[in-house]
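Tertiary structure, described
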Amino acid sequence: MSGAPDRPDLIGQRIPRHDARDKVTATIAYAADWAMPGMLHAVVVRSPYPSAQIRRLDAARASAMPGVVAILTAKDVPHNTLATDVPGQTTTVGPLRAHLHVLAEDRVRYQGEPVALVAAETLEQARAAAEAVEVDYEPLPGVFDTATALAPGAPRVHEAGNLLAEWRIARGDVAAALAGAAVVIDGEYETSFVDSGYIEPEAGVAWIDGDGVVTIRLATQVIEHYRDVAEVLGVPQNRVRVIGTYVGGGFGGKEDVTVEVYLGLLAWKTRRPVKMVWTRQESLLSRAKRHPYRLRYRTGASRSGEIVAQQVEIVGDSGAYAYLSALVLLYSTVTAAGPYRVPNVAVHARVAYTNNPPTSAMRGFGAMQVVFGYESQMDRVGAALGLDPVHVREVNALRRGDTLPVGQVIETHVALPVLARRAWDSLGEPTPPRAPHVRVGRGLACNLQPYGRIVWLHDWSSAWVGFEMDGSLVVRCGAPDVGGGQASSLCQIAAGVLGVPLARVSVHISDSALTPLSGTTTASRQLYMSGNATLKAARELREQVLGVAASMLGVAAIELDLVEGEVRARDGRTLALKDVLAGCARASVPRSRLAVYHAPAGEPIGFMKVGGPDMAPHTPQTLAHGPAEPGRGSGKVFPDYTFGAHAAEVEVDTETGVVRILKYVAAHDVGRAINPTSVEGQIQGGVVQGLGYGLLEEVLLDEGVNQTTSFASYLIPAAGDVPDVQPIVCESGEGLGPYGARGIGEPPIGPPAAAIANAIAAATGARLARLPMTGERVLRALGALDGKDG
Amino acid sequence: MIPFEYHAPATVGDAVAMLAARDGAKLLAGGQSLVPALTYRLARPGVLVDINALPLADVVRTNGHVRLGALVRHHVLEESPDVRRWCPLLAEAVAYVGNARVRTLGTLGGSLAHADPAAELPVAMVALDARFAAVGAAGSREIPAGEFFRAPLTTALAADEILTAVDVPVTRGAGTAFVELARRPGDFPLVSVAAVVAVDRAGRVADARVVFGGLAGAPQRSAPAEDALRGHEPTPERIAAAAHAARRALRPETDVFASGAYRAHLAEVLARRALRTATNRALTVEVR
Ligand SMILES: Cc1cc2nc3c(=O)[nH]c(=O)nc-3n(C[C@H](O)[C@H](O)[C@H](O)COP(=O)(O)OP(=O)(O)OC[C@H]3O[C@@H](n4cnc5c(N)ncnc54)[C@H](O)[C@@H]3O)c2cc1C
């Protein structure tokens, strides 16, 4: 190796993000801020019915309206099928072939399903024409809950049946272990249907650029959807370009395609720039949401609190289309027993089609819903045995070398006992109740969340790092920045390695034509993957530059360091970076480096069976049976996991059922905090979103018709609902990301609902089994209100 | 953009004339209800008559009354020393309205004329027995608060009438309290309760008013609760019985925010709390 080891001076520093000021002063051009000369405005015509046959579709009258330039229906789409298997994927994913029609052909399966596209000179004209598109629907029977959907004889959402995917884990002998357990706890839980609820609705502008390339500038987590647009248009993939903007919240909702295919089609047909911005109502109506789950747990424990068996049944609602449901369910299946060593586990997980809005990726991706199940159970085990909440988790916590039920061996440090203890102790002195009708209690919840993509997806990311002649630095990386500070962290890594002040670094991100592809900003993978790619490129570039400096100074490269824009030799001599770069040019040594980082890959441990339109009839898939057999895959599903423990102190008004959070502490082992401020922001943001899930948010449907399509009825936490969230950042240095970092984007959203449910139980003795835990549900759980659950 | 005409008259007379002359003309006050309605295309008026220039923003203490102009902003109601001293119920109620941004612009007249069934100020006005002054093409008239609110978003005002002021009797020898519960702080409440309790020298309730918001199309006075209190010593048991009597007469509906059963339960709990607070205040304030 040439050059002294780089000193990551900037790693771990609270560096203000370069985009923060621009966002606060509103100088960032978000997707909806873009405008172009001659630009048309486009809207989507959506089905008002959750289940109907399209008898007739007539756009003649609408087409003749003032300002209307194009109206597209299914027959105008060159290839009307959109693959939704795994966004941004470059390897095949076995038999998983989830897909849907870009525009509905003769059948609509959920309220809000796109039926036609309208482009007009003004937005008002486009909206007026959209209302004038005549569609004759014949309403059909639908299914609106999973129990009905899976019952024999239910109306079929898709021809092949309503069971979309099924996974099983069978490890050890659950029946025998339960029979021998000192306590057996049964629990049924219901998690709610929630929306990403981001502030920025789906938006973008498309145009045919000077070179004929269809160019789409939009808010997305996945610029690789340019390939999907190309497939729909029937043009080579290199004729479509996606430019990702800074994203005003993604959370998985901008992982699947949103507006890009519609915009691509309209720009292609009209040859004019076209803009589409979904309204809030439209976004809440039709964008894919988080799967509501029904969970059934049977947990057996020994007298000393060791979990001896976990039997889990999961049923999720996929809504009308598959999207990522099979994989979301896989995450749930693998993490269903929690961050604990459990010798005997049986998991049976199913996800069904209904005529509800589709569900897909959302922060936590299936590893979230089950936390409410396994942590409620853990608390009940502790209570039944008289063990304190920290202790019962300490006893069971996974350790390095332990095996998850699916057969994956945990290869890195697990800080769970420390996290649980620190979170719990940080609550400090108990708060006395402020009135006789108020009870105060504390709850703890831990979780594990995979980061990085499933190992058999063979994930990779690339980044380019290069010097300009004046010594300023450029980073190019395809990673979209969804507000987590993705771009800023890449700068920090490159600047640290190359000894360049941050003010001298520029980063270009999220452009499928001009930045090296780096995969999706999902799965808590971007710092892990693109951070590693950037680190690799920066280190290789450092070697190149120091190699040239070494020959200029006539010393070994190991004698040299690169700091503050100059090369310093151990003997005290220095060279200006500019002169070294000129030296590189003379020596024909490039001043840039492209690096690709490949995540550890693995073979599928089974293969996926997915039902649905035109797919093979479904058969259940067993993921693991006993210890992993040699030659049948290692049982490894994910690269690694992030662990966390949250503690909450709440007060419950026993007369109104209202729960108020008094204190909240969230501890995570993030491996290494590249920028602690960004890490804390992720933790606090995740907790707030998790509290919304626990206490407030709920998509309400009446036979598939959405009753909550505005922020007046879909209640996300507002300033008055948010407690002071105290983050605790632990750094084991054991992650797979740069400098030992772990993914932290998703993990903090997992525990809040369970932590609060456990705190409510501690305060009142009432066990909340259904989310969100509204005042009304708390009151019912307290037995203080009769009647049906509303 | 849907085009509309915009006018900003300087006198009440001009404003009334514009309302009378044009079908579908709408007054614009603080815009906190109207502008969202325009944004969502729930209202598409052809003419907007902006009344912010009219001289209707004063708070005046007169003999036995506080006269509040229709353009008094929510935050003024919250902070005005006259309101806090002479009609503290209004200051307490308005603090629950929306958030600081809404209270900076929203007006008293706008809130009352808009008549959202869950809004706080209509409930407080009915509890205080206020009288509303309206001016229309046919002249001016007074409307008692109890007759003003007819149904959701529907009042006794004619299409060409402007609410100009509200006369609120000062609160003497009585304690008042306003209590509510919303899904989130700052939202329209699931249930609100205004209570006014006057206690005589013998320690008995001389008069009581209990008014609910959010349970029906308009503020609802509870005769059963008031009857249960009048003439009795306001013991905790008596108050609980009154709150329970109130609940038994209520039939609130279910919507996306809460079931009718939960609303009815809350009505009892909140009525009890409001009556307790109002009674304590009645017993501790000096009789003015
Ligand atoms: C985020 C948010 C939260 C809110 N939360 C609450 C809440 O918790 N509780 C609550 O009570 N309100 C709430 N509001 C509404 C707020 O109180 C409004 O200020 C009020 O309802 C209307 O007053 P305005 O002056 O803004 O009227 P505008 O919006 O200008 O007008 C409302 C209606 O009244 C008519 N009007 C206005 N003035 C007069 C007049 N003098 N004579 C006749 N007609 C008139 C208008 O033509 C229009 O139809 C909220 C609003 C927002 C935006």
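For every chain, the first residue of the written sequence is number 1, and numbering continues from 1 along that sequence. To read the labels, note that chains go from A and ligands from 1, taken in the order they are written. Local features in a predicted model are, by the rule used here, given only for residues with pLDDT of at least 70; side-chain atom pairs are given and counted only at 80 or more, and totals for whole chains, interfaces and linings are based on all residues. Calculated side-chain values reflect all of the structure's heavy atoms, with hydrogen atoms and water omitted.

1. Topic: the overall build of chain B
- The helix and strand inventory of chain B stands at 12 helices and 14 strands.
- C-alpha extents for chain B along the principal axes are approximately 60 × 45 × 35 Å.
- For chain B, the exposed area adds up to about 12600 Å²; of that, 52% sits on carbon and sulfur atoms.
- We count Lys and Arg on the positive side and Asp and Glu on the negative side, and we leave His and both chain ends out. Each charge is placed at NZ for Lys, CZ for Arg, CG for Asp and CD for Glu. When the 32 basic and 29 acidic side-chain charges of chain B are each reduced to a single mean position, those positions are 5 Å apart. Here a strand is any run of E in DSSP of at least two residues, a helix any run of H or I of at least four, and the numbering for each starts at the N terminus. Each accessible area is a Shrake-Rupley estimate made with a 1.4 Å probe; only the visible protein chains count as cover when residues are assessed.

2. Thoughts on the packing of aromatic side chains
- Classification of ring pairs uses Phe, Tyr and Trp, with its six-membered ring standing for Trp, and accepts pairs whose centres are within 6.5 Å; under 30 degrees between planes counts as stacked, over 60 as edge-to-face, and the remaining range as tilted. Under the criterion given, the structure shown has 14 aromatic pairs over all chains.
- Ring plane angle 75° and centroid distance 5.6 Å describe the contact between Y189(A) and F372(A), whose orientation is recorded as edge-to-face. Of this pair, Y189(A) sits in strand 10 (residues 183–190) while F372(A) sits in helix 10 (residues 369–385), and the two are 183 residues apart along the sequence.
- Ring centres 5.8 Å apart and planes at 40° place the aromatic pair Y96(B) and F178(B) in the tilted group. Taken together, the residues span a long stretch of sequence, with Y96(B) in the loop between helix 5 (88–94) and helix 6 (100–105) and F178(B) in strand 11 (residues 174–181) at a distance of 82 residues.

3. Here's the deal with the sheet that holds strand 18 (residues 438–451) of chain A
Residue and element names in this part refer to chain A.
- Should DSSP find at least two bridges between two strands, the strands are regarded as paired. Strand order across the open sheet formed by four strands is 18-27-28-31, with mixed pairing between neighbours. Where the open sheet ends on each side, the last strands, each with one partner, are strand 18 and strand 31 (725–730). Geometrically, the sheet is characterised by an average inter-axis angle of 15° between neighbouring strands, direction not taken into account.
- Sheet topology places strand 28 (residues 659–669) next to strand 31; six bridges connect them, and they run parallel. If you follow H668 over to strand 31, its bridge partner there is V729. Axis definition: a line fitted to C-alpha atoms, over the contacting stretch in the case of helices. Angles run 0 to 180 degrees between N-to-C directions.

4. Side note on helix 13 (residues 486–498) of chain A
All names here are of chain A.
- One less than the number of residues in a helix, times 1.5 Å, gives the span that helix is expected to have. The end-to-end C-alpha distance of helix 13, which contains 13 residues, comes to 19 Å, matching closely the 18 Å that a straight helix rising 1.5 Å per residue would cover.
- Relative accessibility thresholds used throughout: buried, under 20% of the residue-type maximum; exposed, over 50%; partly exposed, between the two (1.4 Å probe, protein chains only). Here helix 13 lies mainly inside the structure; 13 of its 13 residues are buried.
- Immediately beyond the C-terminal end of helix 13, within one or two residues, lies G499, with a positive phi of roughly 60°.

5. Looking at the interface of chain A and chain B
- Residue contacts are counted whenever heavy atoms from the two residues lie within 4.5 Å of one another. Taken together, the 27 residues of chain A in the interface contact 20 residues of chain B.
- Here, a salt bridge means any side-chain nitrogen of Lys or Arg that lies within 4 Å of a carboxyl oxygen of Asp or Glu. At the junction of chain A and chain B, the tally comes to four salt bridges.
- Of the charged contacts in the structure, one is a salt bridge between R272(B) and E655(A), with a shortest N-O distance of 3.2 Å.
- Polar contacts here mean pairs of N or O atoms no more than 3.5 Å apart (in protein, one a potential hydrogen donor and the other a potential acceptor; neighbouring residues in sequence count only if both atoms are side-chain atoms). Put simply, chain A and chain B have 11 residue pairs in polar contact (both at pLDDT 80 or more) between them.
- When residues of the side of chain A that touches chain B are traced back to their parent elements, those giving at least two are helix 3 (123–132), helix 16 (676–696) and helix 18 (775–781) of chain A.
- Among the elements that take part in the side of chain A that touches chain B, helix 18 of chain A stands out by supplying four residues, more than any other.

6. Some points on the pairing of strand 28 of chain A
Residues and elements named next belong to chain A.
- Most of strand 28 is tucked away: eight of the 11 residues are buried.
- The pairing of strand 27 (residues 640–653) with strand 28 spans nine bridges and is antiparallel. Directly across from A648, in strand 28, lies its bridge partner Y664.

7. Comments concerning the environment of E231(A)
Residues and elements named next belong to chain A.
- Mapped onto the secondary structure, E231 falls in helix 6 (residues 226–233).
- Taking the C-alpha atoms as reference points, E231 and R400, separated by 169 residues in sequence, lie 44 Å from one another.
- Setting aside its immediate chain neighbours within four residues, E231 contacts H79 and Q237.

8. Focus on the site of the ligand
Residues and elements named next belong to chain B.
- Neighbouring the ligand are 30 residues; L27, Q32, L34, T107 and E120 lie closest to it.
- Separating an oxygen atom of the ligand from a backbone N or O atom of S111 is a distance of 3.4 Å.
- When the ligand sits alone it has 960 Å² of accessible area, and the protein chains cover 88% of it.
- Elements represented by at least two residues in the shell around the ligand include exactly strand 2 (25–28), helix 7 (108–114) and strand 10 (162–169).
- Of the residues forming the shell around the ligand, the biggest block, four residues, is contributed by helix 7.
- Each residue gets one label: Ala, Val, Leu, Ile, Met, Phe, Trp, Tyr, Cys and Pro are nonpolar, Asp, Glu, Lys and Arg are charged, and the others, such as Gly, are polar. Its residues assigned to classes, the shell around the ligand comprises 15 nonpolar, 12 polar and three charged. When at least one non-hydrogen atom of a residue lies within 4 Å of a molecule or strand, that residue is treated as near it.

9. Some details on the domain arrangement of chain A
All names here are of chain A.
- An automatic or database domain assignment supplies the start and end points of every domain. Partitioning chain A into domains gives domain 1 (20–27 + 460–598), domain 2 (34–140 + 202–277) and domain 3 (164–195 + 288–454 + 604–781).
- Taken together, the contact between domain 2 and domain 3 spans 24 residues of the former and 29 residues of the latter.
- Joining two parts hides part of their accessible area as seen by a 1.4 Å probe, and the buried area is that hidden amount summed over both. Note on domain 2 versus domain 3: buried area summed over both sides is about 2200 Å², and carbon and sulfur give 59% of it.
- At the boundary of domain 2 with domain 3, the tally comes to one salt bridge.
- Between E255 and R453 there is a salt bridge whose closest N-O contact spans 4.0 Å.
- Along the contact surface separating domain 2 from domain 3 lie seven residue pairs in polar contact (both at pLDDT 80 or more).

10. So, the state of the cysteines
Residue and element names in this part refer to chain A.
- Counting rule for disulfides: a pair of cysteine sulfur atoms within 2.5 Å. Counted by the stated rule, this structure contains zero disulfides over all chains.
- In this structure C446 is a free cysteine whose sulfur lies 12 Å from that of C730, the closest cysteine sulfur available.
- The exposure class assigned to C446 is buried, which follows from its relative accessible area of 0%.
- In this structure C491 is not part of a disulfide, and its nearest cysteine sulfur, from C477, lies 10 Å away.
- Using a relative accessible area of 5% as the deciding quantity, one classes C491 as buried.

11. As for empty space enclosed by the protein
Residues and elements named next belong to chain A.
- The rule is simple: put a 1 Å grid over the protein atoms alone, call a set of points where a 1.4 Å probe fits but cannot get out a cavity, call an open set with protein on both sides within 12 Å along at least five of seven lines a pocket, and count a residue as lining if it has an atom within 4 Å of a point. Grid points are joined across faces, edges and corners, and a volume is the space filled by probe spheres set on the points. Overall, the coordinates contain eight cavities of 30 Å³ or more when judged by the stated rule.
- In this structure, the largest cavity is lined by 22 residues; those nearest its centre are Y110, V257, Y262, W278 and Y323.
- At the level of secondary structure, the elements contributing two or more residues to the lining of the largest cavity comprise strand 5 (99–101) and helix 7 (260–270).

12. Thoughts on the packing of helix 11 (residues 236–248) of chain B against helix 12 (residues 260–284) of chain B
Residue and element names in this part refer to chain B.
- The N-to-C vectors of helix 11 and helix 12 enclose an angle of 145°; their axes lie 8 Å apart at closest approach. Handedness of the helix 11/helix 12 crossing: right-handed. Judged by residue contacts, I239, A240, A242, A243, H244 and R247 of helix 11 engage A261, A264, H265, E268, A271, R272, L275, R276 and T279 from helix 12.
- Residues of the contact of helix 11 with helix 12, tallied by class, amount to eight nonpolar, three polar and four charged. In a left-handed crossing the near helix is turned counterclockwise from the far helix by less than a right angle, and in a right-handed crossing that turn is clockwise.

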